[in-house]
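# Secondary and tertiary structure notes
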Amino acid sequence: MKAMFKAVSPNVDFPKLEEAIITYWKKNKIFEKSLAKDSPRGNWTFLDGPPFVTGLPHYGHLLTSIAKDLFPRFWTMKGYHVRRVWGWDGHGLPVENKVENKLNIKRKKDIEDVVGVKKFIEECKAYVTQISGEWEWYVDHVARWVDFKNAYRTWDLPYMESVMWVFKQLYDKDLIYKGLKVSLYCPHCATPISNFEVAMDADNYKDVTDFATTYKYELKSPSFAKASAGKQNSKLKTYILAWSTTPWNKIVVPALAVNPKLIYVKVKEGNEYYILAKSTLKILRFAQDDIVEEFKGSKLVGMKYVPHYDYYKIEKDKKAFVIIGGDFVTAEEGTGVVTIAAYGEEDLKASLENNIHIEMHVDEEGHIKKDVPIFGGMYYLKANKAVNEDLQKRGLIYKDEILPHTMPHCWRCATRLYYAPITAWYVNVQKLKEQMKKTNEHIHWIPNHFQHGRFLKSLEHAPDWNISRNRYWGSPVPVWECRRCGECFVPESIKELEERSGQKVTDLHKPEIDEVTIECAKCKKTVHRVPEVLDSWIEAGSASFGERHYPFDFAQGKPSEGQKLEDFYPPDFIVEYTGQIRAWFYVLDVISNALYNTEAFKNVLVNGVILGTDGRKMSKNFKNYPDPKEMLEKYGGDALRLYLMSSPVVQGEDISISEEQYRNQVRGMLLILWNTYNFFVSNAIVDKFTVHSLFASQRSGQFTESKNVLDQWILSLLEKLTQDVTESLEKYDTVGAIAKLEEFITSLSTWYIRRSRDRVGPSAENKKDKQAFYETAYYVFTTFCKLLAPITPFVSEEIYRNLTGEESVHLANWPKQNKEQRTKNKELLYEMNNGMQLASKIHAFRKEANIKVRIPLRKLSYKGPEELTKDVEKIVLDEVNVYELTYVGKSEDYEVSGDVTEKNQDVEAGKARDIIRKIQEERKKLGTSLDEKVDVVIDAWPKEFTEEIKKKTLIRTLAKGETFKVSRI
Ligand SMILES: [Zn+2]
Ligand SMILES: [Zn+2]
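Summarised in this report is the structure supplied together with it. (Residues numbered from 1 in each chain as written. Chains lettered and ligands numbered in written order. Predicted model: local features only at pLDDT ≥ 70, side-chain atom pairs only at ≥ 80, totals over all residues. Heavy atoms only, no water.)

## Comments concerning the overall build of the chain
The helix and strand inventory of the chain stands at 32 helices and 32 strands. Taking 969 residues into account, the globule formula puts the C-alpha radius of gyration at 30 Å, and the chain, at 39 Å, lies well above it. Taken along the three principal axes of its C-alpha coordinates, the chain extends 125 × 75 × 50 Å. Looking at the chain as a whole, 56% of its 969 residues qualify as buried. Taking all contacts inside the chain whose residues are at least 6 apart in sequence as the whole, residues at least 24 apart take part in 79%. Placing the 141 positive and 137 negative side-chain charges of the chain at their respective mean positions leaves the two points 1 Å apart. (Helix = DSSP H or I, 4+ residues; strand = E, 2+ residues; numbered from the N terminus. Rg over C-alpha atoms; globule rule 2.2 N^0.38 Å. Buried < 20%, exposed > 50% of the residue type's maximum accessible area, 1.4 Å probe, protein only. Contact = heavy atoms within 4.5 Å. Lys, Arg positive; Asp, Glu negative; His and termini not counted. Charge placed at Lys NZ, Arg CZ, Asp CG, Glu CD.)

Next up, the structure:
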């Protein structure tokens, strides 16, 4: 037990205090001790989304870091073991882009032809290994406890082996296929891009201006019905009109599509006939009268037309230059006729279904292929103008307009994307959707609306997932596919690959992995790996397994962390921002449902985005946010935690960063807490209060000793707080928890401590009551620190350690709830609340009448819902400085009345109080200690209050004199 407390400075510097605690924690291995602490309730697992290695942390990282610390601290105190290992994400385009810049690589081709893949990969490795040491500073200063030293990295061999294993599981379940499909494609990075990579950030959509052109395609056999044939001039040409915004893609149009169910019309204009959907007539220049024929789209299906360009050879057995039917064709835009080429999702699907020739005329860097006449070598966007000029000249354009619209851009290099047909590896998400919808019902989403809102909606619309990239820096697609017979070998471990290839495998990266060959099981030919690497989202989606090197290390067993999948899967908790609903949360869930038919996580907290002060995205160019490091140095980590964890950003809403709101946390809760704590410790030192064994019972929550109604009340309030904070944190509701803690600290400061001021210090005489106060307040502070510990780990640590002498509040157990006491004292909470309400009405009454609180009022009357109990009334009388209160009847709210003239005022007592206050202020200025006596000279004082003045301000001699003076002895 502790003899005495360390003195507390009223002028606290929180960042300085936090710095000392960071050092203390490290030196004494408090985090390690918290991991080793007893965990009678087993494991509570959380899955950390590792940050990308590039750059420094921004507010978004700090926000999730805080949540990733807060809940593990809470559950640890609740008796669980919470593994916390840092991770780094480092594969993929961002790193390749940085290395390209460093090596001055302008084209993807140069990686192979000029630099060489080996050197390129070495540079990528070097880049990701120089991780900024600064991260640790931020992590420390937001009080995040995490094992940095043993961080896993997505480019390390064990992690990559787990990813290989995950791929194999998907492959064995027949959820992986290779196919020609259209993807968003970046011509600079020369690789397909996931739709969700683009969708994560609204900035990836940019406004562009394109041509919107109505093209003319001449029909070869233009009449439909014999009946109307006679009315038409068979010498005139008939054109079908097709509308498009991609002129570059009009170089190859092997088919046109119409909707068989739509009504189309043939109209005459000048010396030509045109065919288009009836409902789109308005876009043309002619009227209803010009219609010469009307028919269903099905009549057009199968008709032939004259192509604009026919330089390419039609593959044997394939059709070309024919009209096909398709339900996807609508008349909402354009003419109800669609040009079909390989560069569109619906286009390609329709081509494959109708056995249409597929021609790809753009190379992997977005240039029209060399062998294409006229346009060969042009960048595809440049070809737009050239194609339309050529067709205009040839009279094959009906109408040419300009169309501003929005187009996706590369999330890495900001190049405009287009849709391109790519042979790639896919996860068959369609097969998994029903299962994913079912397991989504088991996930606790916070806030809840994302469950059936954004997550379900994006799941319903999700295409199959393109998981291969035509790049270099990533986990390999682990498929050895025989070019001769198509036989595939997919290993699930390095060991299996080594056995099959007879080669030692020490690195799964290119180019080493591409030197590993096997012999085809069927045709005995030497087989190489397919060239692609995996989308790094496969790695992110495999994080639960990768970070533990599952299932490999598990075969050997790591007892401390559980040996079974159930010990860590599915994890109890994950947290990230809204952008990850369609990305990380989604890919985790795809893989989890594929592997184990289960949801990927039990509780998911979705944060909003922290925007700049002007509501725009934070940007160095806009200078629209305060530097997070400067802010942490100025106001500290506890204040940031309070600010962010109590803001709507933890309920999925976007907020603008506000230095003012951050700063207010210091002046608000933290300083109020500090001042009450300072009051307690300073008086306890003067009164020589010591913590002795009597407290053993208190600390176990059995404390009900004090007869003082204030003590009983604050203990009841604390009990209620314990219940509320526990429930909020169990529901992952930090906003609710902090609101309750703030409410409590206000009651503690403005009622409990304020009303207890006269109970302590050298002038207080009731020894028993003094002891009751200290015991109660001690219990309240130590318990409050525990409740506060997960939210503001620094200040709670400081206070708790000084009061208890224990090693750390974070090694303490979460306060137990005492239901008995709660029920017993419900009444008291209600009664005291009445007293507090009446007190505030009386303060308002005084203010209105302009009577200072220091002047006692003899008598007041009040109406209210309830008459105060005697105990509470006594406290209220003290608070409002009134001698007598009379209850005069019922009313919904409290109302106060009374005489405001001097007759009802004890003017002399008021004067005495004024003098006491004046002397106390002077004592403060002199810096006297609480028990230090002083001599006072003053011109006059009410004689009957001499003793009271002397007692309250610890005066040795009180003398009369013209000049007011307080002097130390
Ligand atoms: Zn790009
Ligand atoms: Zn073969």
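## Regarding empty space enclosed by the protein
Per the stated rule, a full pass over the model turns up 6 cavities of 30 Å³ or more. Taken as a whole, the largest cavity spans an internal volume of roughly 120 Å³. Residue lining of the largest cavity: 16 residues in total, with Gly92, Leu93, Arg469, Asp535 and Ser536 positioned closest to the centre. Elements supplying a minimum of two residues to the lining of the largest cavity: helix 4 (93-102), strand 4 (191-193) and strand 22 (533-534). The residue makeup of the lining of the largest cavity, split by class, is 6 nonpolar, 5 polar and 5 charged. (1 Å grid on protein atoms, 1.4 Å probe; cavity = no way out; pocket = protein on both sides within 12 Å on 5 of 7 lines; lining within 4 Å. Points joined across faces, edges and corners; volume = space filled by probe spheres on them. Nonpolar A, V, L, I, M, F, W, Y, C, P; charged D, E, K, R; others polar.)

## Overview of the coordination of the zinc ion (ligand 2)
Octahedral metals with six donors have ideal donor angles of 90 or 180 degrees. Tetrahedral metals with four donors have an ideal donor angle of 109.5 degrees. Looking at the zinc ion (ligand 2), one finds its protein donor set to be Cys482 (SG), Cys485 (SG), Cys520 (SG) and Cys523 (SG), positioned 2.2 to 2.3 Å from the metal centre. Taken together, the 4 donor atoms coordinating the zinc ion (ligand 2) and their angles of 99 to 120° define a geometry best described as tetrahedral. Along the chain, the residues that donate to the zinc ion (ligand 2) are spaced as C-x2-C-x34-C-x2-C. Of this pair, cysteine 485 sits in the loop between strand 18 (480-481) and strand 19 (488-489) while cysteine 523 sits in the loop between strand 20 (518-519) and strand 21 (526-527), placing them 38 residues apart in sequence. Relative accessible area serves as the criterion here: at 22%, cysteine 523 is assigned to the partly exposed category. (Donors = N, O, S within 2.8 Å, 3.2 Å for Na, K, Ca; no water. Tetrahedral: all angles 85-135°; square planar, octahedral: opposite > 155°, others 65-115°.)

## Considering the nonpolar core
Judged by nonpolar contacts, the single largest core of 124 residues is most densely connected at Phe680 and Trp713. Non-local contacts of tryptophan 713, meaning those with residues more than four positions away in its chain, are made with Ser747, Trp751, Tyr752, Leu828, Leu829, Met832 and Met836. By size, the runner-up hydrophobic cluster in this structure holds 65 residues, among which are Ala255, Ile356, Ile368 and Tyr380. (Core = buried A, V, L, I, M, F, W, Y, C linked by side-chain atoms within 4.5 Å.)

## Considering helix 26 (residues 767-788)
If you check helix 26, its first and last C-alpha atoms are 31 Å apart, about what 22 residues at 1.5 Å a residue would give, namely 32 Å. In terms of burial, helix 26 is largely enclosed, as 19 of its 22 residues are buried. At the N-terminal end of helix 26, a side-chain oxygen is found 3.2 Å from the backbone nitrogen of lysine 768, two or three residues along, and the residue is asparagine 766. (Expected span 1.5 Å × (residues − 1). Polar contact = N/O pair within 3.5 Å; in protein donor to acceptor, adjacent residues only side chain to side chain.)

## With respect to the coordination of the zinc ion (ligand 1)
Around the zinc ion (ligand 1), the donor atoms from the protein are Cys186 (SG), Cys189 (SG), Cys410 (SG) and Cys413 (SG), and they sit 2.2 to 2.4 Å away. In this structure, the zinc ion (ligand 1) is coordinated by 4 donor atoms arranged in tetrahedral fashion, with angles at the metal of 103 to 117°. You can call cysteine 189 buried: its relative accessible area is 1%.

## Describing the side chain of serine 544
Take serine 544: it is sitting in helix 17 (residues 543-546). Relative accessible area serves as the criterion here: at 3%, serine 544 is assigned to the buried category. Once residues lying within four places of it in the same chain are set aside, the contact partners of serine 544 are Leu47, Phe568, Tyr569 and Pro571.

## Focus on a negative patch on the surface
A grouping of Glu19, Asp627, Glu630 and Glu633 is seen on the molecular surface, where their side chains present a negatively charged patch. Here glutamate 630 is to be found in helix 20 (residues 628-635). Looking at glutamate 630, the relative accessible area reads 49%, which means it is partly exposed. (Patch = residues over 30% accessible without salt bridge, like charges linked within 9 Å, V, L, I, M, F, W, Y side chains within 5 Å. Areas by Shrake-Rupley, 256 points an atom, 1.4 Å probe, with all protein chains shown as cover. Salt bridge = Lys/Arg side-chain N within 4 Å of Asp/Glu carboxyl O.)

## Remarks on the packing of aromatic side chains
Under the definition given, this model contains 70 aromatic pairs. Taken together, Phe5, Phe679, Phe680, Phe689, Tyr752, Phe773, Tyr774, Tyr778 and Phe781 form an aromatic cluster joined through their ring pairs. Lying across the ring of tyrosine 273, lysine 266 places its NZ or CZ 4.7 Å from the centre. (Phe/Tyr/Trp six-rings, centres within 6.5 Å; stacked < 30°, edge-to-face > 60°. Lys NZ or Arg CZ within 6 Å of the ring centre and 35° of its normal.)

## Points about unusual backbone geometry
Most peptide bonds take the trans configuration, and most residues that are not glycine carry a negative phi. Note the cis peptide between isoleucine 446 and proline 447, where omega equals 0°. In this fold, proline 447 is placed in the loop between strand 15 (444-446) and helix 14 (449-461). The step from lysine 510 to proline 511 runs through a cis peptide bond, and the omega angle for that step is -5°. Among the secondary structure elements, proline 511 is positioned in the loop between helix 15 (494-501) and strand 20. At lysine 29, a position not held by glycine, the phi torsion is positive, near 50°.

## What to know about helix 12 (residues 380-393)
Given a rise of 1.5 Å per residue, 14 residues ought to cover 20 Å, and the 20 Å separating the end C-alpha atoms of helix 12 matches this to within 8%. If you follow the buried residues of helix 12, they end up packed against strand 5 (205-218), strand 13 (397-408) and strand 14 (418-427). Glycine 395 sits one or two positions beyond helix 12 and adopts a positive phi of about 70°.

## Looking at the packing of helix 1 (residues 14-27) against helix 27 (residues 793-804)
In contact at an axis separation of 9 Å, helix 1 and helix 27 are set at 75° when each is read in the N-to-C sense. Here helix 1 lies roughly perpendicular to helix 27, going by the angle between them. On helix 27, the residues touching Phe14, Leu17, Glu18, Ile21, Ile22, Tyr24 and Trp25 of helix 1 are Pro793, Phe794, Val795, Glu797, Glu798 and Arg801. Residue composition of the contact of helix 1 with helix 27, by class: 9 nonpolar, no polar and 4 charged. (Axes fitted to C-alpha atoms, helices over the stretch in contact; angles between N-to-C directions. Parallel < 35°, antiparallel > 145°, perpendicular 65-115°, else oblique.)

## Describing the sheet that holds strand 23 (residues 573-577)
The strand order across the open sheet built from 3 strands is 15-24-23, with neighbouring strands paired in parallel fashion. One side of each edge strand has no neighbouring strand; the edge strands of this open sheet are strand 15 and strand 23. Between one strand axis and the next, the sheet turns through 15° on average, direction left out of account. In this sheet, strand 24 (residues 603-607) lies alongside strand 23 in parallel orientation, the contact comprising 5 bridges. Pairing of tyrosine 577 across the sheet is with asparagine 607, part of strand 24. Lying over the sheet, helix 3 (residues 59-77) contacts strand 23 and strand 24, oriented at roughly 165° with respect to strand 23. (Pairing = 2+ DSSP bridges.)

## Remarks on the pattern of salt bridges
Evaluation of the coordinates by the stated rule reveals 66 salt bridges. Residue glutamate 460 is joined to lysine 437 by a salt bridge in which the shortest nitrogen-to-oxygen separation is 3.9 Å. Of this pair, glutamate 460 sits in helix 14 while lysine 437 sits in helix 13 (residues 429-440); the two residues are 23 residues apart in sequence, bridging distant segments of the chain. You can call glutamate 460 partly exposed: its relative accessible area is 35%. Arginine 956 is paired through a salt bridge with aspartate 935; the nearest N and O atoms lie 2.8 Å apart. Of the two residues, arginine 956 is situated in strand 31 (residues 955-960) and aspartate 935 in strand 30 (residues 934-938); the sequence distance between them amounts to 21 residues.

## Thoughts on the sheet that holds strand 28 (residues 885-890)
The 3 strands lie next to each other as 28-27-29, forming an open sheet whose pairing is mixed. Taken across any chain shown, the strands that pair with only one partner, and hence form the sheet edges, are strand 28 and strand 29 (895-897). If you compare each strand with its neighbour and ignore which way they point, the axes differ by 25° on average. Relative to strand 29, strand 27 (residues 860-864) runs antiparallel, the two being bridged by 3 bridges. Each bridged residue has a counterpart across the sheet, and for serine 861 the counterpart in strand 29 is serine 897. Against the sheet, helix 29 (residues 826-849) makes contact with strand 27, strand 28 and strand 29, and its axis sits at roughly 45° relative to strand 29, the strand it touches most.

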